Amino acid sequence: DTGDLTAPVSIGSGDSEVEAPPSDAARAVSTAISDDTDGFRETVHQRIKSSEIKAAEELPDLETIDWQDVSPAQEIPVPMTSGAASWPWIKRHIMDAGELPPHKAVRIEEMINHFSYSKPDMIKHGGFSASIELCQTPWNPLTRLLAVHVQALPGADVGNASATLVINSDHVEKLRLLGYAAAINKNGKESGGTAPAVASRTHGNYVIYELLIDPEDLPESGKSLVSLTLGGDGALSAMEPKNWTHASPDMRFASMIAATGMILSDFPAQGELSAARLASMLDLVEKTDGPTQAEERNEAINLVRKALEIVHKAP
């Protein structure tokens, strides 16, 4: 049913005693995500479009993943997939009803992965390809944004997907995922049974982390801030972060969408993330990348502008 189709993807808490095994419905959703992403997304979109708009209030509450301390040589698993419900809910509230969506309908990872990105090509291993990119955070001088893009290659065993990060703990104090909030049930506990993180065969996953650093203690030239491993092999490193204005079009667009989600959901942001700052990011994306962007990205820019209009009119 719609509740199963629109449930957030679970990335696991790492505690087998509190994680419930996925239900049959969740396994079916996971298979749909893996084998027929476009069909799955269209099905979710049509279900949401035909539902009463107040149905979004029945979605599970979300608890934001907090900052995580970075330990030496700690391997951090990278999420390999995301759900598909958030963008259709947001679009329906903003464009059709002229109102902001409820916070529980705003899932940053689903917003980012509603869109397509250039195929990752920096590293290939274990049936997957990946790219990483590091840039300055446009709303906080004390953090950096790390984008990780992973996609299955033809014939990959998506049920055995594995990508991990190792962060340089000498220079990065903490990190957090932008998105992937845990679903909370009516009893205040994390809901189990959501779709397991099985990678899609047709739609790569684009993940953004925010890294808290000491700007006066950056690594020496030639030393990395972070490295990515695919399938336990083939390390890929990111060193000196770029200025956000010089980042790739994918990074600029995805981080602008993430900032939109942070504002719409009251995601706890450090620094100076505001409607005005988001508007300046939007202007740069449109001016710099607009003529070469796909139609879906230009539609997204229009939606974000409409959202900002509603934000400015709100009490």
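Bear in mind the structure is a predicted one, so any value in this text is a computation, not a measurement. (Residues numbered from 1 in each chain as written. Predicted model: local features only at pLDDT ≥ 70, side-chain atom pairs only at ≥ 80, totals over all residues. Heavy atoms only, no water.)

## Some remarks on the packing of aromatic side chains
Applying the stated criterion across every chain yields a total of three aromatic pairs. With a centroid separation of 5.0 Å and an interplanar angle of 80 degrees, the aromatic rings of W87 and F115 are classed as edge-to-face. Here the residue W87 occupies a position in helix α4 (residues 86-96), and F115 occupies one in the loop between α5 (108-112) and β4 (123-125), the gap between them amounting to 28 residues. Assigned by exposure class, W87 and F115 land together as buried. Their ring planes at 25 degrees and their centres at 4.4 Å tell us that Y117 and Y206 sit as a pair that is stacked. In this pair, Y117 sits in the loop between α5 and β4 while Y206 sits in strand β10 (residues 205-213), placing the two residues 89 residues apart along the sequence. (Phe/Tyr/Trp six-rings, centres within 6.5 Å; stacked < 30°, edge-to-face > 60°. Helix = DSSP H or I, 4+ residues; strand = E, 2+ residues; numbered from the N terminus. Buried < 20%, exposed > 50% of the residue type's maximum accessible area, 1.4 Å probe, protein only.)

## Observations concerning the sheet that holds strand β2 (residues 68-69)
Pairing is antiparallel in the open sheet, where six strands are placed in the order β2-β8-β10-β6-β5-β4. A single partner strand is all that each edge strand has here, and the edge strands are β2 and β4. Note that β2 and strand β8 (residues 172-177) share two bridges and pair antiparallel. Following the sheet pairing, Q68 is matched in β8 by L175. Strand contacts of helix α6 (residues 249-265): β5 (128-137), β6 (140-152), β8 and β10, with the helix running at about 75 degrees to β10, the strand carrying the most contacts. (Pairing = 2+ DSSP bridges. Contact = heavy atoms within 4.5 Å. Axes fitted to C-alpha atoms, helices over the stretch in contact; angles between N-to-C directions.)

## Thoughts on the pattern of salt bridges
This structure, assessed with the given rule, holds eleven salt bridges. Measuring nitrogen to oxygen at the nearest pair gives 3.0 Å for the salt bridge that ties R277 to E272. Taken together, the shared-partner salt bridges connect D283, E286 and R305 into one network. (Salt bridge = Lys/Arg side-chain N within 4 Å of Asp/Glu carboxyl O.)

## Description of the side chain of S255
Tracing the sequence through the fold places S255 in helix α6. Judged by its relative accessible area of 1%, S255 is buried. For S255, the side chain forms a polar contact with the side chain of W244, separated by 2.8 Å. A polar side-chain atom of S255 sits 3.2 Å from the main-chain carbonyl oxygen of R252. Not counting chain neighbours up to four residues away, the residues in contact with S255 comprise W139, L145, I208, W244 and M281. (Polar contact = N/O pair within 3.5 Å; in protein donor to acceptor, adjacent residues only side chain to side chain.)

## Examining the nonpolar core
Of all hydrophobic cores here, the largest spans 42 residues; its most connected members are I112, L178, Y206, I208, F253, M256 and I257. Listed by contribution, the elements that provide at least two residues to this core are α4, α5, β6, β10, α6, α7 (275-289) and α8 (295-313). If you tally residues by element for this core, the top one is α6, at ten residues. Those residues in contact with Y206 that lie beyond four places of it in its chain are I112, N113, Y117, A147, V148, H149, D250, M251 and A254. By size, the runner-up hydrophobic cluster in this structure holds 33 residues, among which are V78, I123, A156 and A238. (Core = buried A, V, L, I, M, F, W, Y, C linked by side-chain atoms within 4.5 Å.)

## Some remarks on the packing of α4 against α8
At their nearest, the axes of α4 and α8 sit 10 Å apart, and the two run at 55 degrees to each other. In this view, α4 runs oblique relative to α8, as classed from their interaxial angle. By crossing handedness, the relation of α4 to α8 is classed as left-handed. Between α4 and α8, the contacting residues are W87, I90, K91, I94 and M95 on the first element and A300, L303, K306, A307 and I310 on the second. Tallied by class, residues from the contact of α4 with α8 come to eight nonpolar, no polar and two charged. (Parallel < 35°, antiparallel > 145°, perpendicular 65-115°, else oblique. Left-handed = near helix turned anticlockwise from the far one by under 90°. Nonpolar A, V, L, I, M, F, W, Y, C, P; charged D, E, K, R; others polar.)

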